[in-house]
Amino acid sequence: MSHTASDVVPTDAMLLSAIRSGDEAAMAQLYDRYSGVVYSVALRIVADPAVAEDILQDLFMQLWRHPGAFDANRGSLPGWLAVISRNRAIDFLRKRRPAVELEDVVVNVEPEMVRGAEWSLVREKVRSALAAMSASQRSALEMSFFEGLTHTEIAQRTGEPLGTVKTRIRAGLLALRKACNR
Amino acid sequence: MSMHEQFADDLALYAFGTLEGDDRVAVEAHLRDCPACQRELERLRGDVALLAFSASGARPPARSRERLLADVAREARRPPARPARKRSWWSALQWATAATVLVLFFLLIRQNVMLRQQVNRLESSSANQQQQLLQARQLISALSGPEADHFLLVASKSPPQPQGRAVYLARSGTLVFLASNMPLLPPEKTYQLWLIPVSGAPIPAGVFRPNAEGSGSVVEPPLAQGIQAKTFAVTVEPKEGSQAPTSQPIMVGTRG
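All of these numbers come straight from a predicted model, not from anything done at the bench. (Residues numbered from 1 in each chain as written. Chains lettered and ligands numbered in written order. Predicted model: local features only at pLDDT ≥ 70, side-chain atom pairs only at ≥ 80, totals over all residues.)

**What about the overall build of chain B?**
Spelled out, the test is: Under the scheme used here, helices are H or I runs from DSSP no shorter than 4 residues and strands are E runs no shorter than 2 residues, and both carry numbers assigned from the N terminus. To assign burial, the other C-beta atoms lying within 10 Å of each residue's own C-beta are counted, with C-beta atoms placed from the backbone; 20 or more indicates buried, 12 or fewer indicates exposed, and intermediate counts indicate partly exposed. C-beta atoms are first placed from the backbone for all residues, and any pair lying within 7 Å is then listed as a contact.
Broken down by element type, chain B carries 5 helices and 7 strands. Element order for chain B, N to C, with α for helix and β for strand: α-α-α-α-α-β-β-β-β-β-β-β. Counting the 256 residues in chain B, one finds 22% classified as buried. Within chain B, residue pairs in contact and separated by at least 24 positions form 58% of the contacts whose partners lie at least 6 positions apart.

**Side note on the nonpolar core**
So the rule is basically this: In this description, a nonpolar core means buried residues of the types Ala, Val, Leu, Ile, Met, Phe, Trp, Tyr and Cys, linked to one another by C-beta atoms lying within 7 Å.
Core analysis: the largest hydrophobic core is formed by 66 residues, its most contacted members being A:V38, A:V41, A:A42, A:L81, A:A82 and B:A52. Take this core: its biggest share by element is 12 residues, from helix 2 (residues 24–46) of chain A. What B:A52 contacts, discounting residues up to four positions off in sequence, is A:V37, A:V41, A:A82, A:V83 and A:R86.

**Section: the sheet that holds strand 1 (residues 163–169) of chain B**
Residue and element names in this part refer to chain B. Basically, it comes down to this: For two strands to pair, DSSP has to find at least two bridges joining them. Note on method: axes are straight lines fitted to C-alpha atoms, helices fitted across the in-contact stretch only, with angles between N-to-C directions ranging 0 to 180 degrees.
The 3 strands are arranged 1-2-5 in an open sheet whose pairing can be described as antiparallel. At either end of the open sheet lies a strand with only one pairing partner, and these are strand 1 and strand 5 (216–219). Within the sheet, the average angular offset between the axes of one strand and its neighbour, ignoring direction, is 5 degrees. In this sheet, strand 5 lies alongside strand 2 (residues 174–180) in antiparallel orientation, the contact comprising 4 bridges. Pairing of F177 across the sheet is with V218, part of strand 5.

**Observations concerning the environment of A:K125**
Residue and element names in this part refer to chain A. Tracing the backbone through its elements, the reader meets K125 in helix 5 (residues 118–132). The spatial distance from the C-alpha of K125 to the C-alpha of A179 is 6.5 Å, given a sequence separation of 54 residues. With residues near it in sequence (within four places) discarded, K125 still touches A179 and C180.

**With respect to the interface of chain A and chain B**
Under the convention used in this document: Here the term charged refers only to Asp, Glu, Lys and Arg, the term nonpolar to Ala, Val, Leu, Ile, Met, Phe, Trp, Tyr, Cys and Pro, and the term polar to all other amino acids, Gly among them.
Facing the 50 residues of chain A at the interface are 40 residues of chain B. Looking at the side of chain A that touches chain B, the elements that each hand over two or more residues are helix 2, helix 3 (49–65), helix 4 (77–93), helix 5, helix 6 (135–146) and helix 8 (162–179) of chain A. Among the elements that line the side of chain A that touches chain B, the one with the most residues is helix 2 of chain A, at 12 residues. Classifying every residue of the side of chain A that touches chain B by side-chain character gives 26 nonpolar, 13 polar and 11 charged.

**Description of the sheet that holds strand 7 (residues 251–252) of chain B**
To summarise the sheet geometry, strands pair through backbone hydrogen bonds and adopt either a parallel or an antiparallel arrangement. Residue and element names in this part refer to chain B. The strand order 4-3-6-7 describes an open sheet built from 4 strands, whose pairing is antiparallel. The open sheet has two edge strands with one neighbour each: strand 4 (203–208) and strand 7. Inspection of the sheet shows strand 6 (residues 229–238) paired to strand 7 by 2 bridges, in the antiparallel sense. Bridged to V234 within strand 7 is M251.

**A look at helix 8 of chain A**
Residues and elements named next belong to chain A. For the record, the criterion: The span one expects for a helix is its residue count, reduced by one, times 1.5 Å.
A rise of 1.5 Å per residue sets the reference length of helix 8, with its 18 residues, at 26 Å; its end C-alpha atoms lie 26 Å apart and thus fit the reference within 8%. Three or more residues of helix 8 are buried, namely V165, K166, R168, I169, R170, G172, L173 and L176. Just past helix 8, the residue N181 takes up positive phi, approximately 55 degrees.

**Let's talk about the confidence of the model for chain B**
Residue and element names in this part refer to chain B. Note the cut-off: Confidence scores here are pLDDT values: one per residue, from the predictor, ranging 0 to 100.
Averaged over every residue, the pLDDT of chain B is 83; residues scoring 70 or more account for 86%. Taking the mean pLDDT of every element in chain B, the minimum, 77, falls on helix 5 (residues 82–144) and the maximum, 94, on strand 3 (residues 189–197). Note on residues 79–85: pLDDT under 50 across the span, and 1 contact to partners over four residues away in sequence or across chains. Taken together, the chains of this predicted complex give a pTM of 0.55 and an interface ipTM of 0.84.

Written out as structure tokens, the structure reads:
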């Protein structure tokens, strides 16, 4: 990171631009910034540190090879990385080949929401919103996201009606949206 | 927001990527034509991504960073190595050359075909002209030959007078002259036709001797192109002809 003065924090877009030019130091900086969220999501899903690490490695190498796959105009980089990590981990759980290519994932999280210090604030807001939900609603959201279960599978597991599960999932997402002022 | 409520719950499941079967097909079909639901889907995907942040907290092992950076260094995006660039440059040049040769080849073939067509047209045109000229010559030859019957209608009891008819095309210098009732000449004399130009001296336009019936002709004498004729005249000259008239004309033309 010799090119970056210690008092200047480059934006994600600046790092991606440097990565496009083959700047390995920028890659290290991006890894330091977002490896935590990518690894955490993968680990939460696969519950195996070695597999989570493989997913992390694979995802960042793909970003190195195809930095243009992320379109900064259509979402935030950490949101994008997190969703791809989640998709890859669920594919692993279900013994599937990656169902979604890097380019196909769009994550519409406003960039300013998850930049620098604000991004830990978002994490706290999400956790608070989840804590405020009923256990069944929180569980429905977590089974959808971290296990990739369909509403039919969730209904089978919880013994609840299909329509209730569906409605609960949507209501949970809208509650998250509201909590984060999106 | 005017998204369609009947798709609201399924749209949320679709954002998770967990909607399957007919429901998924129906949502995708609807999304194709509904911008409002497309916008809502994008927002829902953002909501879904928020869930990922609830998982944060774990840190990958330190070796993971080293491993990634080692892999990155191994696949460093350096400028292409010289030999590769040279090869690629050379290869591009070869392709370019091949393409150019191919284009030239087809251009030459096309030009060749066009030239052949032009030659064929010219040959055909030339043959036509030759044929027309031949026919004209045969006609003139026949009309001026001994087998042709000539009739001159004059007032009764008048003796037949010498007459000549010249047809002249100034642009090409083509001249046909037919004469009749010409008095016979002694062997050392001949009739000579003159082109009288608009300005300048008379120009020799051929000599002729009438046959026993008094008919004679001059066909395509050597004349320059483009000379405008005021009229034509005939004089009696020494048998080899003259460069300038040496006697008074016995016939002078009028246009008609």
